[in-house]
Amino acid sequence: MSVIGTGYVGLTTGLLFAYLGNKVIFVDIDRQKIEKLKNRVIPFYEPYIEEMLNLVYSNLEFSTEYKEAIEKADIIFICVGTPPDKDGKPDLTGLTAAAKEIGRYLNGKFKVIVNKSTVPVGGGNWVESVIKTNLNDKCRSNQGHNFVVASNPEFLREGSALYDAFYPERIVIGADNNRAFEVLLELFRPIMNQSFNPPPFLPRPNGLSAVPIITTNLVSAELIKYASNAFLATKISFINEIANLCEKVGADIKEIAKGIGLDSRIGSKFLNAGVGWGGSCFGKDTAALVEMGKEYGLEMHIIEAVRKVNYLQRKRIIEKLYEKLKIVKGKTIGILGLAFKPNTDDLRDSPAIDIIRTLLERGAHLKVHDPVALDNFRSMYSSLNVVVNEDVYQMVEDCDALILVTDWDEYKELDWEKVKNIMAGNLIVDGRNALDEEQLSKLNFKYVGVGR
Ligand code: UDX
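Residues numbered from 1 in each chain as written. Predicted model: local features only at pLDDT ≥ 70, side-chain atom pairs only at ≥ 80, totals over all residues. Heavy atoms only, no water.

## Topic: the site of the ligand
Cut-off, in case you're wondering: Any residue with a heavy atom positioned within 4 Å of a molecule or strand is treated as near that molecule or strand. A 3.5 Å cut-off defines polar contacts: any pair of N or O atoms within that distance qualifies, except that in protein one atom must be a possible hydrogen donor and the other a possible acceptor, and neighbouring residues in sequence count only when both atoms are side-chain atoms. We get accessible surface area from the Shrake-Rupley algorithm with a probe of 1.4 Å; when it comes to residues, only the shown protein chains can shield them. Secondary structure elements follow DSSP: runs of H or I of four or more residues count as helices, runs of E of two or more count as strands, with numbering from the N terminus. The classification used treats Ala, Val, Leu, Ile, Met, Phe, Trp, Tyr, Cys and Pro as nonpolar, Asp, Glu, Lys and Arg as charged, and all other residues, Gly among them, as polar.
Around the ligand, a shell composed of 20 residues is seen, among which F155, L156, E158, N272 and K341 lie nearest. Backbone polar atom of E154 to an oxygen atom of the ligand: 3.4 Å apart, as the coordinates give it. One of the backbone N or O atoms of F155 is found 2.7 Å from an oxygen atom in the ligand. Expressed as a share of its isolated accessible area of 670 Å², the protein-covered part of the ligand is 91%. With four residues, helix α10 (residues 218-249) is the largest single contributor of residues to the shell around the ligand. Here the residues of the shell around the ligand are counted per class, giving 10 nonpolar, four polar and six charged.

## Notes on the UniProt feature "domain: UDP-glucose/GDP-mannose dehydrogenase C-terminal" (unreviewed entry) in the protein
Rule in force here: UniProt positions are given in the numbering used here, feature names are shortened, and annotations may be inferred rather than shown by experiment.
What UniProt calls "domain: UDP-glucose/GDP-mannose dehydrogenase C-terminal" (unreviewed entry) maps, in this numbering, to residues 334-437. In this annotation, residues 334-437 is assigned 34% helix and 17% strand; the end-to-end C-alpha distance for the span is 18 Å.

## Quick word on the sheet that holds strand β9 (residues 332-336)
For clarity, the cut-off: Strand pairing is assigned whenever DSSP detects at least two bridges linking the two strands. Every residue pair with non-hydrogen atoms within 4.5 Å of one another is taken to be in contact. To obtain each axis, a line is fitted to C-alpha atoms, and for helices this fit is confined to the stretch in contact; angles are then taken between N-to-C directions over 0 to 180 degrees.
Taken in spatial order, the six strands make up an open sheet running β11-β10-β9-β12-β13-β14, and their pairing is parallel. Edge positions in the open sheet fall to β11 (387-388) and β14 (446-448), since each of these has one partner strand only. In terms of strand pairing, β9 meets strand β12 (residues 401-404) through four bridges, oriented parallel. The partner of L336 across the bridge, within β12, is L404. Strand contacts of helix α13 (residues 301-325): β9, β12, β13 (427-430) and β14, with the helix running at about 160 degrees to β13, the strand carrying the most contacts.

## Details of the sheet that holds strand β6 (residues 147-151)
A sheet is described by the order of its strands in space; here eight strands give the open sequence β3-β2-β1-β4-β5-β6-β7-β8, paired in mixed fashion. One side of each edge strand has no neighbouring strand; the edge strands of this open sheet are β3 (60-63) and β8 (213-216). Each adjacent strand pair in this sheet contributes to an overall mean axis angle of 20 degrees, direction not counted. Here three bridges tie strand β1 (residues 2-4) to strand β4 (residues 75-78), and the two strands are oriented parallel to one another. Bridge assignment links V3 to a residue of β4, and that residue is F77. Against the sheet, helix α5 (residues 93-105) contacts β1, β4 and β5 (111-115), and its axis sits at roughly 160 degrees relative to β4. Docked against the sheet, helix α6 (residues 123-133) engages β4, β5 and β6, running at close to 155 degrees with respect to β6.

## What about the environment of N136?
As for its position among the elements, N136 is in the loop between α6 and α7 (137-140). Once the C-alpha coordinates of N136 and E417 are considered, the two residues, 281 residues apart in sequence, prove to be 69 Å apart. Here the side chain of N136 touches R104 through a polar contact of 2.7 Å, landing on its backbone oxygen. At a separation of 2.8 Å, a polar atom in the side chain of N136 contacts the main-chain carbonyl oxygen of L106.

## Section: the environment of A227
Note that A227 resides in helix α10. Note: C-alpha distance between A227 and T286 (59 residues apart in sequence) is 8.7 Å.

## Examining the side chain of T82
Inspection of the secondary structure assignment puts T82 in the loop between β4 and α5. A polar contact of 3.0 Å, which involves the side chain of T82, links it to the backbone oxygen of T118. A polar atom in the side chain of T82 sits 3.2 Å from the side chain of K284. The contacts of T82, once residues within four sequence positions are left out, are P90, D91, L92, S117, T118 and K284.

Structure below.
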């Protein structure tokens, strides 16, 4: 099989199937990335990817050339990025390029082309038409018979990408042709039945013996992906809105989340109030849904509100700082965490970046720390006038206040007595409700959480 695109989704998918015994050719137009991977260097931070690559290396090939990868494969996964354009619509440049190349190198042998990239509803049909209009002469006469397009949306979370690939809560396959289902059900069988020996570093969770599979048409599979992400984003914006009310009436959002989450119809996950969601998916997919709605003359009221609440929440954190410090200009503020969530170095749509920008505009001096995202921060945001500290204790030194933006375990385990002694002030704004309020209050910190 071949996998086009070696980001989180592509690499994880390819490594999963290589582990299950398939020969996998990775294709990427980024020469540097391919060179790195050939040399077993992972271009981003993601737990266990390196271990897995080493484990299955003999089943892998890496290339910048489409020709051989497409000719040899019977299944081709398209895993290229679809970042938002300036209007919030997914940019399909990478997808189009991949589809054109597939059309160019199809060779008459039946192939299933699987879209794993998040494409707008109707994207699969569109990939099919791009392939058909770019078919090489050899395949033109056989048009439509030597390939089918399917959708297999990806639900992996950054930070636990491989775990989610081996132990998904469901597998969704969308296609308008039975041959696609036959091929893909066979491919996914070991995951569906959990009939593989787990990798040493990824033990199977207790009680998991089978994974449900949903087979549906192309557009439904595509919409399942968007609806999932939008629903998760909705849960977080919902709890954040209730958290803001908690602050007014004197309630505690952690108790509210517990109290509603025990209702199995609601569920306890994704009810942590804080600075709100970020990352490469929720912002992009909710924006795309709003745009998709517009194209069909629909206003997506709930999703628009979810977005609005989320981006306002980043401002709420700054208001909290103002409420306690009164004046921010000239004060030194330390930012604990830059990544949009722990266990990743990904800074896409990270709340930390917005918070930093606003505080700089208001004249604060900023110091920042993150356990793994500092290199990315330096290369992407070199224009921001902040002090970057590799050492967290050096960062907190002389700060008037700290804002915890990313709930890395490392921050929960800090020596807070030491922090208290080296800080200039004593204000902690806990943007994730991650720290121990009682412990911090005993040490004479002024602790401010979210919704409490
Ligand atoms: C998400 C989806 O979970 C995944 O299924 C999809 O494939 C891609 O998008 P990811 O972006 O990796 O995954 O992160 P996720 O763990 O879902 O967290 C998203 C954001 O929500 C993070 O910024 C996180 O800090 C925030 N979050 C999450 C909350 O603020 N509160 C919560 O209760 C949960």
